[in-house]
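The lines below spell out each chain.
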Amino acid sequence: MIKLLSLITKKFIRYVLCISGLIFFCEYGIYYVVLSQCNWPSDSNMTSEQPVKVMFLADIHLLGTRKGHWLDKMIREWEMGCAFQTAIKLHKPELIFVLGDLFDEGLWSSERDFNSYVETFNYLFSVPSDIQLYTIVGNHDIGFHYSVTPYLEKRFNKVFNTGPVELISRRNVHFVTINSMAMEMDGCFLCHSAKLKLNIISKRLKCSQNENNCSKKMMLDGNYSKPILLQHFPLYRKNDMACNEPDSASLKEKEKPYRVGLDCLRKDTTDKLLKVVQPRLVFGGHTHHGCHIEHTNGVHEYSISSFNWRNKYNPSYMLALFSMDNYSIETCHMPREHTIVFIYLTSIIIFLFFKIFKLKQTYSLNNDLFNSKKSNH
């Protein structure tokens, strides 16, 4: 009896260890296996000082209390938390920009729900003290242009210490962040403050190019270099037909025409931004799909896929190196959910196969012994 209990206990422990190992790999270890295959792009073309290491992600869409099922919410938060924490441990970026739509139901959230949202974001996307994380507001955070209220805008800005237009500098590399919903330029409360701040930043950029007629207060922190424009919406484009990235949209989605003010910025707003800011690069999100296009004036624009598996079966993020006069970019692809499901199913099938095979062997052996004893009698 004692021997039988000991045998059962050993088998039980063995099964528990195997199941635990499988769960640990599929829910944690796989992120290290997949994300470690993505590295910082080459810095061989960086002729100036040490390049700035930047990580971009977009469209997190943390689920709220209205649309999201609790199980779906739990799974997505676990996936994004593991992916993000693994990425910053492996890559160790200096700056991280989250390009809008942090929340799925931010514009409908009560004060209590919004605080819960913020708490979840700060937990999942916490960073060490030597990494700076910046957020850009999206339409799901405060609403599209005509549904934004001063209350919603101030609530988001207060928590994430941002504004309609901001200038961020690091080692002579300058980033201009834009609230896309403030770019209608129709005199609304949000558009008015964005226009004023955009003009101030434009002056600072021009002053740093020509220092003769400017005070020190108007100068940039560091030497002038063409800025990098960051926002939630893409610049004006008709559709995504020019997008050919591995994580771009399907052909059917690419053919859909963009609605100005909803899917992308207006043409006149785009022209004004490009003229006033004169960026060398533009980064955005909103579409949930990857895209790289070159505008007619030579400015390159990158749209970054959603970071949430709920919006994209092959989510990704981007690593970029910036110097004063150059840049390098690498897109990092995250584990796919169907790969994890495949590993689970394959492991279960293999386990059942060996279990059935072993039972057959045992049955065959017992049958042979029985026949042997019968023939002896």
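Anything mentioned here points back to the structure above.
Residues numbered from 1 in each chain as written. Predicted model: local features only at pLDDT ≥ 70, side-chain atom pairs only at ≥ 80, totals over all residues. Heavy atoms only, no water.

## What to know about the state of the cysteines
Note the following rule: By convention in this document, the label disulfide applies to cysteine sulfur atom pairs within 2.5 Å. Numbering of helices and strands starts at the N terminus; helices are DSSP runs of H or I of at least 4 residues and strands are runs of E of at least 2. Any residue under 20% of the maximum accessible area for its type is buried, any over 50% is exposed, and the rest in between are partly exposed; the area is computed with a 1.4 Å probe on protein chains only.
The tally for this structure, following the rule as stated, stands at three disulfides. With a sulfur-sulfur separation of 2.0 Å, C38 is cross-linked through a disulfide to C332. Residues C38 and C332 are joined through a disulfide that is left-handed, its torsion about the S-S bond being -65°. You can see C38 sitting in the loop between α1 (2–35) and β1 (52–57) and its partner C332 sitting in strand β11 (residues 327–333), a full 294 residues away along the chain. An identical accessibility class is assigned to C38 and C332; each is buried. Residue C188 pairs covalently with C191 via a disulfide, S to S 2.5 Å. Linking C188 and C191, the disulfide has an S-S dihedral of approximately 85° and is accordingly described as right-handed. Cysteine C18 is unpaired, with the sulfur of C26 as its nearest cysteine sulfur at 13 Å. In this model C82 remains outside any disulfide bridge; the closest cysteine sulfur is found in C26, 12 Å from its own. For C82, a relative accessible area of 9% gives the class buried.

## Side note on the sheet that holds strand β10 (residues 316–322)
Under the convention used in this document: Pairing between strands is defined by DSSP: at least two bridges between them are needed. Fitted lines through C-alpha atoms give the axes, limited to the stretch in contact for helices. The angle between two N-to-C directions lies from 0 to 180 degrees.
A sheet is described by the order of its strands in space; here five strands give the open sequence β3-β2-β1-β10-β11, paired in mixed fashion. For this open sheet the edge positions go to β3 (132–136) and β11, each flanked by a neighbour on one side alone. Put simply, the sheet's adjacent strands are angled 20° from each other on average, direction ignored. As paired elements, β10 and β11 share seven bridges and run antiparallel to each other.

## What about the packing of aromatic side chains?
Test applied: Ring geometry is summarised as follows: Phe, Tyr and Trp rings, the Trp one being its six-membered ring, pair when their centres sit within 6.5 Å, and such pairs are stacked at plane angles under 30 degrees, edge-to-face over 60 and tilted between the two. Here, a charge over a ring is recorded when the distance from Lys NZ or Arg CZ to the ring centre is within 6 Å and its angle to the ring normal is within 35 degrees.
A complete count under the given rule lists 23 aromatic pairs for this structure. With centroids separated by 5.4 Å and ring planes inclined at 45°, the aromatic side chains of F24 and Y28 adopt a geometry described as tilted. Of this pair, F24 and Y28 both sit in helix α1, four residues apart, roughly one helical turn. With a centroid separation of 5.1 Å and an interplanar angle of 25°, the aromatic rings of F121 and F125 are classed as stacked. For the pair F121 and F125, a shared accessibility class is recorded, and that class is buried. Taken together, the ring pairs in this structure connect F84, F103, F114, Y117, F121, F125, F156, F160, F307 and Y317 into an aromatic cluster. Directly above the aromatic system of F114 lies the positively charged group of R155, at a separation of 4.1 Å from the ring centroid.

By themselves, these observations are geometric and do not establish any function.
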